[in-house]
Amino acid sequence: MATTADFKNGLYIDFEGKPCSIVWFQHVKPGKGPAFVKTKLRNLENGRILEKTFSAGEKIETITVEHREYQFLYAEEDAFNFMNNETFDQIPVAKDLIENSDLMKEGQIVEMVFQVEGEDERVLTCELPTYVELEVTYTEPAVKGDTSTNALKEVVLETGAKIMAPLFINTGEVIRVNTTDRSYGERVK
């Protein structure tokens, strides 16, 4: 148990039966009336940001969360399979828990977030690294004279994902892709 005085960014709490983390908070003491705490909470199950105001001193249930590195092995019809490189335990994770999963290639290391309750634990989210390096498997060739602006074209990556990249990118090149917004970063030398 914690109170609003214990709030800090990154604190994991149980809010209305859902695991959440505090993204932002502000203690407010108005000139008239009781103090309160404004917060922005990230729901760890679906990634949504919630705004909630707590009364000062309100008791909040905290939860235990662990971050562990896992290696992506292979995809099945409705799940992805991962392996812990220390214990070699394998776990399936539902596809809807992973954002931008089409940017994930076999052998890649990801960070799993687990909610731990005694002996029980469950996967809350799976986070890809911020940048991944992927090979371009198909793209239309650039037309000479088409570069008067910062024009982009669609490229297909080795995982099957499609993103927009500059016109000078060709098939066979390896590029760095931002997994949060699916944007082109740079060519990898």
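Scroll up for the structure.
Bear in mind that the values here come from a model prediction, so they are computed numbers and not experimental data. (Residues numbered from 1 in each chain as written. Predicted model: local features only at pLDDT ≥ 70, side-chain atom pairs only at ≥ 80, totals over all residues. Heavy atoms only, no water.)

(A) Seen up close, the overall build of the chain. From N to C terminus, the chain includes zero helices and 16 strands. Along the first, second and third principal axes, the C-alpha set of the chain runs to 70 × 45 × 25 Å. The buried share of the chain, reckoned over its 189 residues, is 35%. Summarising the internal contacts of the chain: among those between residues at least 6 apart in sequence, 44% fall at separations of at least 24. Of the accessible surface of the chain, which amounts to about 11500 Å², a share of 47% is contributed by carbon and sulfur atoms. Across the chain, the 21 positively charged side chains and the 33 negatively charged ones have centroids separated by 10 Å. (Helix = DSSP H or I, 4+ residues; strand = E, 2+ residues; numbered from the N terminus. Buried < 20%, exposed > 50% of the residue type's maximum accessible area, 1.4 Å probe, protein only. Contact = heavy atoms within 4.5 Å. Areas by Shrake-Rupley, 256 points an atom, 1.4 Å probe, with all protein chains shown as cover. Lys, Arg positive; Asp, Glu negative; His and termini not counted. Charge placed at Lys NZ, Arg CZ, Asp CG, Glu CD.)

(B) The arrangement of the state of the cysteines in detail. Evaluated as defined, the whole model comprises zero disulfides. There is no disulfide at cysteine 20, and the cysteine sulfur nearest it, in cysteine 126, is 19 Å away. (Disulfide = S-S within 2.5 Å.)

(C) Representation of the nonpolar core. If you look at the biggest cluster of nonpolar residues, it comprises 26 residues, and the most contacted ones within it are Phe82, Ile91, Ile98, Leu103, Met104, Met112 and Leu157. Counting ten residues, the second-largest nonpolar core is a separate cluster that includes Phe7, Val37, Leu41 and Ile60. (Core = buried A, V, L, I, M, F, W, Y, C linked by side-chain atoms within 4.5 Å.)

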